[in-house]
Structure formats: structure tokens, C-alpha cells
Amino acid sequence: MFVGGVIVAAATLLALLVLVGSGRVWAIGDRWLELVLFTVLVCVCELKPVTVARATGVQEVVASTTFAFAIFMSFGPVPAIAAQALASLIGDISSRKDPLKTAFNVAQYVLAWSVPGLFFVAIMGETTLLREQEFTWRWAAALVVCGGTYFLCNSSLVGMIIAVNGRSPLWQGIVAMIAREASSDVVLLALSPIVIVAADRSLILLPVLLLPVLAVYRSALLSAEKEHQAMHDALTDLPNRLHFSAIMERRFENSRSKSTSAAVLLIDLDRFKEVNDTLGHQAGDALLCQIGPRIQAVLPDGGIVARLGGDEFAVMLPDTGADGAQLVGDAIVDALEPPFSLDGFNLEVQASIGIAVFPEHGTAPDVLIKQADIAMYFAKGRNSGIEIYNAEQDQNSRRRLSLLSELRTALARGEVVLYYQPKLDLSTGSVTSVEALVRWHHPLFGLIPPAEFVPFAEHTGLIRPLTSFVLRTAVAQARTWYDGGIDAAVAVNLSARSLHDGAISEEIARLLFEFSLPADRLQLEITESSIMADPARAKRVLEQLDAMGLHLSIDDFGTGYSSLSYLQDLPVREVKIDRSFVAHVLDNPRDRVIVRSTIDLARHLGLRSTAEGIESAEAEQWLRSAGCDLGQGFHIARPMPADEATAWLGGASSAPSSASIDGPTDREPVQFEPVQRDAVPPERVQPEPVDAREIGREHDAAERGASRAGGPYAPVSAALRSVAPPGATW
């Protein structure tokens, strides 16, 4: 409708111009060659626009205005309209633009030149287009008025069509376009008198006038380049934070008028610093350049991806709610899963994604980015991959930020302590090791679990002093128990950053020497994901630690990716089955298959298996029957302070038993009372008879369910087949 209105208005004004001007709207005489040359220059300039990248999108600047205005002042409005319309038509057809857009562009020029044509005729009156009237005061006044009128009309029409297309207020589009085009259009219009003077002297001078036009082009190109640099990330060429916020602001303004929705996804790469530290910043930059295309490839139409800085990317999805954003987030995670090739390394990358939805979570760009950022850090802390913002996360985020600022002081004040959770030998009922778990006795919030501060410390410099504190405290406690005759090693969880820190081996060796502690009294637990961040470097560090005599374990086994192929090459002695599989082993056939298969795999590779999260006697009995070596969980014993653990271990060592400490399964701190174990050691429980056909049916059902659910079970089964020795039963 708008385009149709512009076309009708252009035709009406052109007819009015011809009617009012009579014979005074064109005067060619014997100067046809000059007019043809001017028209050719108009067409050439129209065919060679300068593309300018702006916040609102790609715009084109053309220098045809200079020669069209020269035709206007020398030959009259109608020849100028005809030349400009012809050039626009040829340019749009060669560019294969939409017919409707072509019609609008032609009508736009007709209308933009018709209005100043009426002013020109009105100002010049009877002297219109008379040769001797050129460069008089009246002619100069007409030049200024007509040039300004053309600029305002043309810019207003373009701004209006952009506003209509973007469904934003017309006046905003007009003002923005006038401000944006003023610098280039005013220069182009001011060059017209020079063109007229040169043509009056000699037509040979006209080509020389292309030099100042080229200067304008060059200036426009430099301006476009600077504007592009200001609005785009220099490394990835993606929109930067400023550009992304501008896009969001326009989108949300439109959404308010249409009552639609939008979503913002904030994506942060996990353990990206390890890539820079291990392979160098050049490799890190190369990785960042590959992230954007993978994300863009899975976005729906209209989706925008930007790099906000560092390893943080953002996505804006128009007309998308929480469910749709969740699906896109899943697609992004899947897109980042295939390894990235960097300097001969196949690097696996994982990401944490936070989602905020407009208008539920905010209506301003900075607010939505902040909410998505909170959700992203919540996902990172929970290792959940994707989280949608809610108000509780905001409160937790403020609390964690406060905690992070206090952590260094808490280490110095002795507020950070270690709790110890025994690991039970399921065959003998004895306890030969405990796991050290860090806790924070906060003066205001009470006992804080590690999930609230350790993940965030890993992304700052605080993980190093925290790891040093945990190692020193654990080694000192192990020495105390060793001197007291308690035969229990202490297991410490090693963070990904510590594993890839070349100084960790020296630090542990120094502590063992300082406390004169045998190396077999210290155990280290490493997660799959920390190994897979850089398998080659992790293997070197693990080999150094193994050579020192340390007992190494793979923690949370089954929750990572691709580690089975490395398992047989790593110097580890124990596999800890993640609690997510153990918790439902009694009522979930798929979990039973995974746990039993992992136990068999560990046994065939000469490793011990430990089940985490045992919370019932029935689960303990099933694991014992399945051949699991060790177990830990609330059913066996809760994590306890050092003094309580000493009393518990003393009682357990004097009276080994398979009895367990019962209690609630929530994670709130409780007062632990030491309990003596039963006096009679149990005989090793023989595995329950197992029907091979039943296992096969459970396995087949699990694989089918895993295939439907897209879970890790089918890949685990395939990997088990590939590493099991010939004739092995699993």
C-alpha cells in the first residue's frame, strides 16, 4: 500500500509539474550530446553503488545525484527525472531486484525530483532555464532550495519505507535516514555547479569530474569500513555487543507493537582458558572463528549470532518462546559436539547456555542479556548445559558473586574445611580410603556445598589457592591417620585446570616430602571431561603422578564423551561409576545394564570399580552381587568433619562390617554420631545367579530406549564391544 501510494503521488506531482511549468520544465536545444553524456554518467554511477554496512543493515550510496542535479539545473526537472528514473530502472534490473522494489525506487526518484522542480519553476519564474540566468543570485537561491528539498524528500521516502518494512514509527525512520545520509548527499549535491561549469567550458572536462566523485566514493568506503569495525567483532566478523544490542532494541520495539516474543541465548564455552594455556592464543582464536558458523548453521530464519567478547557468544531468536529457544539451544549443543580440528588436534568443545525470553524476563536488551548471563552461569555451575532464567537463579547468582569475592579471605580465615566420606570395600566390609570433600563454613550462610563456589572458582584465579589448600589439608590429615594407625588413604578431586597445570606434579611431590607421607596414602580423582579437554597433556601429567606411586581414579565415569578409547592407555587404577546411574539401578533396566557393563569393563581392564551414591541396603547388595569392588554414599556414611571421620574410621577398623549408616538423602548438613560397625565380618557375598537371556533382554530394551531418548547408552554399548577381549562376557 505504501509503495502504491508513492507511485500515485509521483505520477500526480510529475503531471502537476509539467502542467504548471508548461514549456519551462525542460530546455535542451542543440545540447543533446551534453545531455546524453550527463545521462550516461548518471547511469554509470547508479550501477556502481557503494555498499555501506550500518546498524540497520546494508545501505547503498550512489554518486548519480551529482550529475542528475546538474541536468536538473541545466536542462530542467523533467530531463533530470527521466535520466534518474532510467538509471534506477537499469540498475535494479541488472541487480535482479524485486519488481515491487524497482517500482518504488523509480517512483521515489520521480517524486523526489518533482517537488524541487515545482520550487525551481516558482523561484525562477519567467527566467526559468534561460542561459543567461545561470549563476545569478536567483539561480543560486534556486540551487540551494532545490538541492535541500531533493535531499529531504529522497531521505524521507527511504526512511519511511525502512520504517514501514520494520514496523517502527515513521518519524524515527525519517530522522535516522536524514542524519545518516547528510554527509554524503550534501557533498554530492554541492559538486553539481562544478559539473555545469566544466561542461560549459568543454565536454572533455566531464570525465575529469569523476575524480572528486571517486573521492566521495573513497570517503564513503572508509566510513563504511570504520562503521563496520565499530559494529563487528574484529576476530570473527560477527556482530559485537553494541550491534547486537541495537538489533535487539529494534526487534523488541517491533515486538511490543505486535505483541510477539523473542528469546536471547548466551553461550559460554567451557574450559576455554585451557585451550589458550595449552595450545596458545592463536589456536584459541582459530577455535573462536569456527564457533560462529556452527551456531549460525542451526539457527532458524531471522536468528542472529554475535560475539560479545572472550569465549562468550549470544543469539537472538525473533518470535520464539522458551520451548523454541530450548530446542535451538539443544541444536547448538549438538552442533558444537563434533571435534574441532586445531593444529593437528581434534578438540572437543562443550558449552553452557542461558536463555532469557522477551517480554517475560525483561523488555530492554541489557536486562535480557543480564538475565541470560545469570542463567548461563547457573547452567555452568550445575553442569546442566542449558538453563532458562528464573528469579531464584538471580538471587543465587548474587549470592555466588558475593561468595566468590569472599573466598580468598575465607581460605585465610580457616572457614574452608574438608569433610571426609568413607569408601567401603563391598567384598570385605572394610574401609581402606576416604574421599575429601571441600566445604565452606560461612559465618552468615552456614555450611556451603562445593557446587556453589568451586565451579566459579575454576573460572578465576582462585582455583589454584583452593586446590593447594585442599591438597595440603588432605595430606596433613592422611599423615595424622597414618601416625594413628588408621589404614585409610585420602582421595582428592583434581580440577580440570589443576590437571593441565604443569606445576601440579611438583606441588604434590613437595607435599609428600614435607609430610613424609607414602604416596599410596594419597589418591587423586579426575573427571572424564577434564581429561578430554586435552587428552595428550592430561596423559603426560597422569603418567608423572602414577610414576610417583599415586592411586589415580576416573570420577563420574559415564557422563563424559569419547573417554573409553583412552581408558586403556591411561595410568588409572579405578573407575568411579557416576551416582546418576547408581541411584536408579534397582528400578531402571537401562541403568542396570550400564552399571553392570562398566563393572565388567573395569574388571577386564584390570581396574577397580567404585559405585557412588549408594543410598539403600538393597542397592549395596545388588552392586556387591554384580561384582563392584567399592562403594560410597549416604547409606554407608555421610561426609563428616575430620574428628568425626577419625572416630568413625577407628570404630570401623576395630569392627569391620557391611552394616551401614541410615539417614535421609537430602544434602543439608546433619550432626553425625559415630556408629560402631558390627563385630562379625561378613563372608564375601557370591554373585546372584544371572540368566544370560535376561541380561540380553535388558540390554536390548536399554539400547532401544537409549536410541529413542538420544542418551549415552548405545554409544557405551558399542564402545564396550570394541574394547572387550575375545570371548569376554558382558
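Just so we're clear, the structure is a prediction, and the values are computed from it rather than from any experiment. (Residues numbered from 1 in each chain as written. Predicted model: local features only at pLDDT ≥ 70, side-chain atom pairs only at ≥ 80, totals over all residues. Heavy atoms only, no water.)

Our next topic: the overall build of the protein. Along its length, the protein carries 28 helices and 18 strands. Counting across all 730 residues of the protein, residues that qualify as buried make up 50%. In the protein, once contacts between residues fewer than 6 apart in sequence are set aside, the share between residues at least 24 apart is 69%. Surface exposure of the protein reaches about 32800 Å², of which carbon and sulfur atoms provide 58%. (Helix = DSSP H or I, 4+ residues; strand = E, 2+ residues; numbered from the N terminus. Buried < 20%, exposed > 50% of the residue type's maximum accessible area, 1.4 Å probe, protein only. Contact = heavy atoms within 4.5 Å. Areas by Shrake-Rupley, 256 points an atom, 1.4 Å probe, with all protein chains shown as cover.)

Under the defined criterion, the tally for this structure stands at 19 salt bridges. Put simply, D268 and K380 hold a salt bridge, and the shortest N to O gap is 2.9 Å. Note that D268 is positioned in strand β3 (residues 262-269) and K380 in helix α14 (residues 365-382), a separation of 112 residues in sequence. Measuring nitrogen to oxygen at the nearest pair gives 3.0 Å for the salt bridge that ties E435 to K576. With E435 in strand β11 (residues 431-442) and K576 in strand β16 (residues 574-577), this pair connects stretches of sequence that are 141 residues apart. An identical accessibility class is assigned to E435 and K576; each is buried. (Salt bridge = Lys/Arg side-chain N within 4 Å of Asp/Glu carboxyl O.)

The next point concerns the side chain of Q632. In this fold, Q632 is placed in the loop between β18 (630-631) and α26 (642-654). Within the structure, the side chain of Q632 is placed 2.9 Å from the side chain of E435, a separation counted as a polar contact. Excluding anything up to four places from it in sequence, Q632 contacts Q421, P422, K423, E435, K576, T610, A611, E612, G613 and I614. (Polar contact = N/O pair within 3.5 Å; in protein donor to acceptor, adjacent residues only side chain to side chain.)

Right, let's talk about the sheet that holds strand β8 (residues 351-358) for a bit. A sheet is described by the order of its strands in space; here 5 strands give the open sequence β4-β5-β3-β8-β9, paired in mixed fashion. Of all strands in the sheet, those bounded by a partner on one side alone are β4 (304-309) and β9 (386-388). Here the strands of the sheet are splayed against their neighbours by 20 degrees on average, with no regard to which way each runs. As paired elements, β3 and strand β5 (residues 312-318) share 7 bridges and run antiparallel to each other. Directly across from A263, in β5, lies its bridge partner L317. Lying over the sheet, helix α12 (residues 281-297) contacts β3, β4 and β5, oriented at roughly 15 degrees with respect to β5. The sheet strands contacting α14 are β3, β4, β5, β8 and β9, and the helix crosses β8 at an angle near 145 degrees. (Pairing = 2+ DSSP bridges. Axes fitted to C-alpha atoms, helices over the stretch in contact; angles between N-to-C directions.)

Generally speaking, a soluble globular protein has its nonpolar side chains buried in company with each other. Judged by nonpolar contacts, the single largest core of 76 residues is most densely connected at L466, V490, V492, I508, L524, L550 and L623. In terms of residues, this core owes the most to one element, helix α17 (residues 463-483), which gives 8 residues. Contacts of L466, omitting those with residues within four sequence positions, involve L411, V416, V438, F453, V454 and A457. Of all hydrophobic cores here, the second largest spans 52 residues; its members include L35, F72, A83 and F151. (Core = buried A, V, L, I, M, F, W, Y, C linked by side-chain atoms within 4.5 Å.)

Moving on, we get to the packing of aromatic side chains. For the structure shown, the criterion picks out 7 aromatic pairs. When the ring of F72 is compared with that of F120, the centres are 5.3 Å apart and the planes differ by 65 degrees; the resulting orientation is edge-to-face. Linking F72 in helix α3 (residues 64-75) with F120 in helix α5 (residues 99-124), this pair joins segments that are 48 residues apart in sequence. Residue F72 is classed as buried on the basis of its relative accessible area, which comes to 0%. (Phe/Tyr/Trp six-rings, centres within 6.5 Å; stacked < 30°, edge-to-face > 60°.)

The end-to-end C-alpha separation of helix α2 (residues 32-47) is 22 Å, in line with the 22 Å expected for 16 residues at 1.5 Å each. All of the buried residues in α2 are E34, L35, F38, T39, L41, V42, C43, C45 and E46. (Expected span 1.5 Å × (residues − 1).)

On to the confidence of the model for the protein, then. Per-chain confidence: the protein averages 77 in pLDDT, with 78% of residues scoring 70 or above. Mean pLDDT per element in the protein: helix α28 (residues 713-723) is the minimum at 38, and β18 is the maximum at 94. Within the model, pLDDT remains below 50 along residues 255-259, and this stretch shows 7 contacts once partners closer than five positions in the same chain are excluded. Counting interchain partners and residues more than four positions distant, the pLDDT-below-50 stretch residues 656-730 has 105 contacts. (pLDDT = per-residue confidence, 0-100.)

The next subject is a nonpolar patch on the surface. A surface patch of nonpolar side chains, about 230 Å² in accessible area, is lined by V36, V40 and V44. For V40, the location among the structural elements is in helix α2. (Patch = residues over 30% accessible without salt bridge, like charges linked within 9 Å, V, L, I, M, F, W, Y side chains within 5 Å.)

To continue, consider the state of the cysteines. A full pass over the atoms with the stated rule returns 0 disulfides. In this structure C45 is a free cysteine whose sulfur lies 9.5 Å from that of C43, the closest cysteine sulfur available. (Disulfide = S-S within 2.5 Å.)

Let us look at the pairing of β16. Alternating positions in β16 separate into two faces, E574 and K576 on one and V575 and I577 on the other, with burial throughout. Pairing of strand β15 (residues 551-557) with β16, which is carried by 3 bridges, proceeds in the parallel orientation. Each residue of the ladder has a partner; that of I554, found in β16, is V575. In this structure, β16 lies alongside strand β17 (residues 608-611), joined through 4 bridges in parallel fashion. For I577, the partnering residue across the bridge sits in β17 and is A611.

Compared with the 26 Å implied by 1.5 Å per residue over 18 residues, the 26 Å span of helix α4 (residues 77-94) between its first and last C-alpha is a close match. Three or more residues of α4 are buried, namely P77, P79, A80, I81, A83, Q84, A85, A87, S88, G91 and D92. Of the residues one or two after α4, R96 is the one with positive phi, at around 55 degrees.

One can find D233 in the loop between α9 (210-231) and α10 (241-258). A polar contact of 2.7 Å, which involves the side chain of D233, links it to the side chain of T236. Excluding anything up to four places from it in sequence, D233 contacts L238, P239, N240 and R307.

On to unusual backbone geometry, then. Following F358, the chain continues to P359 via a peptide bond in cis, the omega torsion being 5 degrees. Inspection of the secondary structure puts P359 in the loop between β8 and α14. Phi at R96 is positive, roughly 55 degrees, even though this residue is not glycine. Assignment of secondary structure puts R96 in the loop between α4 and α5. You can call R96 exposed: its relative accessible area is 78%. Of note in this structure, S516 is not a glycine but carries a positive phi near 50 degrees. Here S516 lies in the loop between α19 (504-515) and β14 (522-527).

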